[in-house]
Amino acid sequence: VPGGSEDNDGKYSTYQPLTPYGKRVRLLKAELAPFFKTMYAIKANKKTVAVPFVKQDLPLEFNADTVWKYATQYQFTYKNGNSVDKYNATVLRTIANEKGLALYLVSGEPNVDKLVKNSKIRDERITWKDDGYEIFLVAKDRSINLHYIITAGGNIMDGKRAIDVNVADWAWTSGLKLKQTEGKKERTSMIFIPWSDLGCTVDKLPELVFQIFRRQTDG
């Protein structure tokens, strides 16, 4: 095609002419390719998360003989959908009641002494770099868009995002409750998110998109 440029797959495209604009488009496409590859993999491996509702209180202690016996259990995979070896595996249990959502996580940590947990202050910007979990609770219409980071050191970063997901209100403080323990080869996290964070009661809950990621740096 006259004035066109060869694409990565060997085909020619009139949409990417050899102009400064075309070069910028090609550069952006190349730079974003790894991001989209990851996002497509996540979408392909997404699941419907079933959360049992119970009438009992939800204790911040896990005991399989208590109300936690009704919880559903999920195994984390890598972002590309591959399974994780048993030494680094992450198991999530979910359950809820009229007050909120409880998440119990057990994560294998072969090198507990290498855990990165430098942040000490709530909403501290270096929280992003710590080992831990990142959680999103989002209504399908984006009217609710909550973002939580829970570090291995027990620190919390929480914020609300608007329709424009790039704009976050980190001054917002959730009612999240957290209890964590650390062993020789694993760590546990009990996280309770009240429905009041979503600005609604349990009978008014919208359909939610729930995402949770584990960050494991191994130092």
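It should be emphasised that the depicted structure is a prediction, and the values quoted were computed from it without experimental measurement. (Residues numbered from 1 in each chain as written. Predicted model: local features only at pLDDT ≥ 70, side-chain atom pairs only at ≥ 80, totals over all residues. Heavy atoms only, no water.)

1. Regarding the overall build of the protein
Move 1: Each helix and strand counted, the protein has one helix and twelve strands in total.
Move 2: Taken from the N to the C terminus, the helices and strands of the protein come in the order β-β-α-β-β-β-β-β-β-β-β-β-β.
Move 3: In the protein, which comprises 219 residues, the share counted as buried stands at 38%.
Move 4: Restricting the contact set of the protein to residue pairs at least 6 apart, pairs at least 24 apart contribute 54%.
Move 5: Here the protein displays about 13,500 Å² of accessible surface, and carbon together with sulfur accounts for 54% of that area. (Helix = DSSP H or I, 4+ residues; strand = E, 2+ residues; numbered from the N terminus. Buried < 20%, exposed > 50% of the residue type's maximum accessible area, 1.4 Å probe, protein only. Contact = heavy atoms within 4.5 Å. Areas by Shrake-Rupley, 256 points an atom, 1.4 Å probe, with all protein chains shown as cover.)

2. Describing the nonpolar core
Move 1: Within the largest apolar cluster, 23 residues are counted, with the highest numbers of intra-cluster contacts made by Leu-105, Ile-135, Leu-146, Tyr-148, Leu-176, Ile-191 and Leu-198.
Move 2: Counting residues per element, the ones that place at least two in this core are β4 (90–96), β5 (100–108), β6 (132–139), β7 (145–151) and β11 (186–194).
Move 3: If one sorts the elements of this core by residue count, β6 sits on top with four residues.
Move 4: Excluding its chain neighbours within four sequence positions, the residues that come into contact with Leu-105 are Phe-76, Thr-90, Val-91, Leu-92, Tyr-133, Arg-187, Thr-188, Ser-189, Ile-191 and Ile-212.
Move 5: Ranked by size, the runner-up nonpolar core spans eleven residues in total, among them Leu-58, Tyr-104, Met-190 and Phe-192. (Core = buried A, V, L, I, M, F, W, Y, C linked by side-chain atoms within 4.5 Å.)

3. Looking at the confidence of the model for the protein
Move 1: Looking at the protein as a whole, the pLDDT averages 86, with 84% of positions reaching at least 70.
Move 2: Counted against residues more than four places away or in other chains, residues 1–14, with its pLDDT under 50, gives 21 contacts. (pLDDT = per-residue confidence, 0-100.)

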